[in-house]
Each structure stands twice: as structure tokens, then as C-alpha cells.
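An overview of the molecular structure
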Amino acid sequence: MSRYSRSLVWLRRDYRLSDHRALFEACAHSGEVIPVFVIDEVLLKGFKNIRQVQFIQSVLDDLDTRLQERGSRLLVVRGNPAHAIPELAAKLRVQAVFLNHDYEPMAKLRDAHVERELRKTGVAFHSFKDQVIFERREILSGGGSPYKVFTPYSRAWLKALESNRAEHLKEYRPDLKKLVSKDLIRDRNARFSELGFPELAGGVPSDARAERKVGEEEAKALLKRFSKSIASYKTDRDFPAIEGTSRLSVHFRFGTISPRQAVRFCAEHMSEGAKTWLNELIWREFYMMILDQYPHVEKGAFKPEYDSLKWEWNREHFKAWCEGRTGFPIVDAAMRQLNETGWMHNRLRMIVAMFLTKDLLIHWQEGEKYFAEQLFDHELSANNGGWQWSASTGCDAQPYFRVMNPVSQSERFDPKGEFIKKWVPELKNLDAKRIHWPHEEGGLFSSGTQGYVEPLVDHKEQRLKAIKMFKKD
Ligand SMILES: Cc1cc2nc3c(=O)[nH]c(=O)nc-3n(C[C@H](O)[C@H](O)[C@H](O)COP(=O)(O)OP(=O)(O)OC[C@H]3O[C@@H](n4cnc5c(N)ncnc54)[C@H](O)[C@@H]3O)c2cc1C
């Protein structure tokens, strides 16, 4: 690679300063480096996930503050990156743009466009693997094609890691002294609110970092907290009333933690729990590889034969599911947790997704879209993978005849009904036996259920209908 006097590092989903491949490479090959973020007006047209926008805004504010403390700055502009990046490159007289790969179909088109535009003006374009340990076609089956089934993929992934651990888990420490002086950048930073997105209520406090941790610092704090419970992850991870998982998903989504750091952390805390957690990180990469190599999943079933399934549509049922009013306590508790906090426990994501598709017989894409609008951690690859797994239309999905019973799932994974009581206060006086199914023929139990709703459907009947729908196809 040549040496450049000045370069841009274009941040997209990697809002951190440590263990950052593109930033590392830019600093290593340039005299001066300018970090930039573009508020993408094309991507944000019609974008409904306000939680994610506010998360990014607060992380960018924090990153800018930290860079200013070092005498530098984060430059934030808005526009179509295909024009904004080449324009910035010309205005700031940079010779190269550094960035990390993105695997989403829209992002790949955008990056190809930016690369073409830059090359026209002789500006170099360098993109790197950063958000995964293995990408694209690095993990292939014996036949040379990308895997469609998780278990052999994960075995091959682990084997590849062991073949050169030091290289794959290398820490990329950028030489931050190369970051440009803040005096060079005079423009005021753009904000998402200029596109009509609401600012966080009360704004991000100026002493945010002292009061509450943001971005990279928060991710580090969560990892530290998780180090105390990772050993019991294997046993605790399925119980929503227990804080048994890392809660790092939004940080993986926006790159406020590096995947290499997470895998090194597993090795440092080796236990059965850490092995199970590593397996979840591999699921993350599996679904990213699936989206990258089989991009049709974004628009339809992984198995195209399931695109013709005759799903039903009932607006009232869908609304009741969204609002947590289905009459199935575990489903309602989960949906209310999502609506209130923007996060839902993994076991519950599977339960509510299967309930929407196999009990209400509503198309998985409706649920996928609702999650995309609500989840802080919304990630196209994992969300699509999770929905297609639950709907039995995906790669390595749950077979269509294995339909989860929401009541027995509730008895098994929330045995005392603690999680339900927290989110469905109408049921807080019920005992551990009745809370999972507070109904009897002719209506609700008379005491302790005031304000709760009757079940929308009969699970046994709907399960048979769902199986019939798949068989017909
Ligand atoms: C229907 C459905 C939709 C989902 N949508 C998303 C989504 O939009 N974004 C998202 O990050 N995850 C999604 N998941 C996966 C999983 O539910 C979340 O990653 C997890 O609940 C996040 O909590 P955590 O960070 O405490 O996870 P932990 O249990 O601590 O796991 C660590 C990390 O591994 C990754 N991970 C864990 N489980 C999975 C999985 N099954 N698939 C892919 N990656 C995984 C996440 O990055 C997670 O942060 C979905 C699952 C289902 C069934």
C-alpha cells in the first residue's frame, strides 16, 4: 500500500477507537487521518427505528468529545455518501479513503458506488474485514460452496480460528497521534435531528461520560460485568427473569465492541459458559455470511419454495401481538418488554416469532419489519435469520412440524412467572401454576386477572392449521 499524506476514515458501523482495522491501517499508512461519519439521507428515507438513530447520535457525540480531548475531531456531514465522500475527499485534499466492509445488500451497492466515484478522481479506496472474524467465502464446505447448515459451519469456523489464532484475533491498535488537528475542520457537525429525528429527551448530558457510560465505554463495562456470569451462561441464558446474557447486542451491531475483543474475552474466561457464548458469536457470523452469500433472503424465503405459502392476514390479531394483548402471558410480557425497552430476550424472540407465524399464521416478514422498527440491536442478518428460523422458511430452520407451545415454554423458562409479573401486572397476583395460562372455559379466572385479555386463538387448532399450510405447499 502507498503512503498518503492525508486520508479519511469513513465510519459506518464501527464507532470506536480501539481495535479498529480501518483506523489502524489509515494511521499506519498516512501522515494525517480524518475520521468522518455521513448521515446517509438515502438510507434514512422512511427509517422508523428512532431508538437506533438516538443510539448512534449519542455514540457520535461521545466519540467527538473523546477525540476533542485528544485535540482532534470527528467530522459529521449529511447527504448521499456516493457524493458526500468524494466531495469531502476533494475539499480536504485527501489521497485515500479507508473503511471496513459492510455485508448488507444496500451497503454493498453504496460502497461500490463510492469506490467508483473516488477512483474517477484518483483517490484510493481501501476496505477491510473488521466486523467479523471470518467473512464472505472464507469458511466453505468441502464442496467449495458457502454453508447452509450451522453445525458444520461452526466446526469449520473453529478449525479455521485454531489454524492461526494469533493472526485472526490480532488487536489493531491505531496510532491515534495521526488523527488530524481539530483546527483543520471548521464545519459544524450535522445532526440526525436536521432530518426530523427527535433528539434524546433532555439531550445527551455534557458530562455524559461521567454520569453514564456511552458507546465503547459502555461496551467495556458490560463485558466486565458479564465476566462475572459468563461461566453460568450455558445454564442461565434461556431464562428471561435472570440477567444471564451479555446485553451486548447493540454494541456488536454498531461496532462499539470489536468481534476480536469478544473472542479474546472468551479465551480469557474459558468455561462451558464461554464455549456456549462463543457459539452465539458464531451464529452472528453465520447469518452475516448467509446474507452476504445468499442475498435473496432479504426479500424472501431462504428456501424459495416457501415463498408461495398462504399466510393469513388479520389486522386486529397483528395489532394485538404488537401491543402485547394476545391472551398468552409469556408472549404479551415479551412484546411489552420490547415496546418499553427496545430489547427482547433471545428465548422470547423465538417464542413470539413462532407464535406470530404458527399460531396467528401471519407472514414472518410482518414480524421481521416490526422488530426492525423496535429493536435497538436490529441487525438485518440476525433478525432475518431469526425470523426465518422460527417460521421454518430459513436455512437450518426449525422443522415446520415442531411448533413451540407458548404455555409450556413459559412453564419451562419462567417457572415462577417472575418475568410475566414484571411486564403483565394484571397477572401479578396469580400463583406460579396459573400465571402461564390464566384462562378457563368461559373466560378468565375471576380473581387476580382484572384487565387481562382472553386468548386470541386456540393453540392446538392453530398448530394443526400451520402444519397443513406447510404440507400443502
Ligand atoms: C426472531 C429473532 C430476531 C432476532 N433479531 C436480532 C437482531 O435484530 N439483532 C441481533 O443482534 N440479534 C437478533 N436475534 C438474536 C438474539 O436474540 C440476540 O442477539 C440476543 O438476544 C441479544 O442479547 P445479548 O446481547 O444479551 O446476547 P448474548 O446471549 O450475550 O449473545 C452474544 C452476542 O451473540 C450474538 N447472537 C446471540 N444469539 C444470536 C443469534 N441467534 N443469531 C445471531 N446472533 C446472535 C449477538 O450479537 C449477541 O449480542 C434475533 C433472534 C430471533 C429469534
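Residues numbered from 1 in each chain as written. Predicted model: local features only at pLDDT ≥ 70, side-chain atom pairs only at ≥ 80, totals over all residues. Heavy atoms only, no water.

Parsing the protein chain into structural domains produces domain 1 (1-130), domain 2 (132-172 + 216-293) and domain 3 (304-472). The gap between the C-alpha centroids of domain 1 and domain 3 is 39 Å. The interface of domain 1 with domain 3 comprises eight residues on the first partner and 14 residues on the second. For the pairing of domain 1 and domain 3, the buried interface totals around 810 Å² over both sides, and the portion due to carbon and sulfur atoms is 39%. The largest contributions to the domain 1 side of the interface with domain 3 come from Asn49, Arg51 and Gln52, which together make up 63% of the buried area. There are two salt bridges connecting domain 1 and domain 3. The salt bridge involving glutamate 379 is made with arginine 13; its shortest N-O contact spans 2.9 Å. For the pair domain 1 and domain 3, the number of links is seven residue pairs in polar contact (both at pLDDT 80 or more). At three residues, helix α2 (residues 50-69) tops the list of elements feeding residues into the side of domain 1 that touches domain 3. Counted by class, the side of domain 1 that touches domain 3 contains two nonpolar, two polar and four charged residues. (Domains from an automatic or database assignment. Contact = heavy atoms within 4.5 Å. Buried area = accessible area lost by both parts, 1.4 Å probe. Salt bridge = Lys/Arg side-chain N within 4 Å of Asp/Glu carboxyl O. Polar contact = N/O pair within 3.5 Å; in protein donor to acceptor, adjacent residues only side chain to side chain. Helix = DSSP H or I, 4+ residues; strand = E, 2+ residues; numbered from the N terminus. Nonpolar A, V, L, I, M, F, W, Y, C, P; charged D, E, K, R; others polar.)

Around the ligand there are 28 residues in total, and Tyr233, Thr245, Ser246, Arg247 and Asn346 lie nearest to it. Between the ligand and tryptophan 277, the relevant distance is 2.9 Å, taken from an oxygen atom to a side-chain nitrogen or oxygen of the residue. Within the complex, 95% of the 820 Å² of free accessible area of the ligand lies under protein. Those elements that place two or more of their residues in the shell around the ligand are α10 (249-254), α12 (272-293), α15 (346-359) and α17 (380-391). Looking at which domains feed residues into the shell around the ligand, each of domain 2 (132-172 + 216-293) and domain 3 (304-472) gives three or more. (Near = heavy atom within 4 Å. Areas by Shrake-Rupley, 256 points an atom, 1.4 Å probe, with all protein chains shown as cover.)

On to the environment of lysine 422, then. The residue lysine 422 is located in helix α19 (residues 418-423) in this model. By relative accessible area, which is 61% here, lysine 422 ends up exposed. For the pair lysine 422 and alanine 333, spaced 89 residues apart in sequence, the C-alpha to C-alpha distance is 7.8 Å. (Buried < 20%, exposed > 50% of the residue type's maximum accessible area, 1.4 Å probe, protein only.)

Glancing now at the packing of helix α13 (residues 315-323) against helix α14 (residues 329-341). In the contact formed by α13 and α14, the axes pass within 7 Å of each other and the chain directions differ by 70°. With respect to α14, the axis of α13 lies roughly perpendicular. Along its contact with α13, which presents Trp321, Cys322 and Glu323, the element α14 presents Val331, Met335, Arg336 and Asn339. Classifying every residue of the contact of α13 with α14 by side-chain character gives four nonpolar, one polar and two charged. (Axes fitted to C-alpha atoms, helices over the stretch in contact; angles between N-to-C directions. Parallel < 35°, antiparallel > 145°, perpendicular 65-115°, else oblique.)

Within the structure shown, the criterion is met by 39 salt bridges. Among the salt bridges present, the one from arginine 191 reaches glutamate 199, with a minimum N-O distance of 2.7 Å. Among the salt bridges present, the one from lysine 319 reaches glutamate 323, with a minimum N-O distance of 3.4 Å. You can see lysine 319 and its partner glutamate 323 sitting in helix α13, four residues apart, about one turn around the helix. Residue classification places lysine 319 among the partly exposed residues on the basis of a relative accessible area of 40%. Here the residues in one salt-bridge network are Arg12, Asp40, Asp102, Arg110 and Asp111, joined through shared partners.

Time to look at the nonpolar core. If you look at the biggest cluster of nonpolar residues, it comprises 89 residues, and the most contacted ones within it are Tyr153, Trp157, Trp277, Phe286, Trp321 and Val331. Tallying contributions element by element places α12 first for this core, with 11 residues. Residue assignment places this core across two domains, with domain 2 (132-172 + 216-293) and domain 3 (304-472) each supplying three or more. In contact with phenylalanine 286, other than residues within four places in its own chain, are Tyr147, Lys148, Val149, Phe150, Tyr153 and Cys395. (Core = buried A, V, L, I, M, F, W, Y, C linked by side-chain atoms within 4.5 Å.)

Another aspect to go through is the side chain of aspartate 238. Tracing the chain through its elements places aspartate 238 in the loop between α9 (233-236) and α10. On the basis of relative accessible area, aspartate 238 is assigned to the buried category, the value being 14%. Looking at aspartate 238, its side chain comes within polar contact range of the side chain of arginine 347, at 3.1 Å.

Throughout the structure, instances matching the rule amount to 37 aromatic pairs. Summarising the aromatic geometry, the rings of phenylalanine 226 and tyrosine 233 are spaced 5.9 Å apart at their centres and angled 90° between planes, so their arrangement reads as edge-to-face. Each of the two residues, phenylalanine 226 as well as tyrosine 233, counts as buried. In this structure, arginine 12 is placed above the aromatic ring of tryptophan 10, and the distance from its NZ or CZ to the ring centre is 4.5 Å. The ring of tryptophan 343 has arginine 247 lying over it, and the distance from NZ or CZ to the ring centre is 3.6 Å. (Phe/Tyr/Trp six-rings, centres within 6.5 Å; stacked < 30°, edge-to-face > 60°. Lys NZ or Arg CZ within 6 Å of the ring centre and 35° of its normal.)

What follows covers unusual backbone geometry. Trans peptide bonds make up the majority, and among non-glycine residues the majority have a negative phi. The backbone of leucine 361 shows a phi angle near 55°, a positive value even though the residue is not glycine. When its relative accessible area of 2% is taken as the criterion, leucine 361 is described as buried. Of note, the phi angle at serine 392 is positive, near 65°, even though the residue is not glycine.

Now for the sheet that holds strand β1 (residues 4-11). Here we have five strands laid out as an open sheet, ordered β3-β2-β1-β4-β5, and parallel in their pairing. If you trace the sheet from one side to the other, it starts and ends with β3 (75-79) and β5 (124-128), each paired once. Neighbour to neighbour, the strand axes of the sheet diverge by 30° on average, direction disregarded. Bridging between β1 and strand β2 (residues 30-40) involves seven bridges; their strand directions are parallel. (Pairing = 2+ DSSP bridges.)

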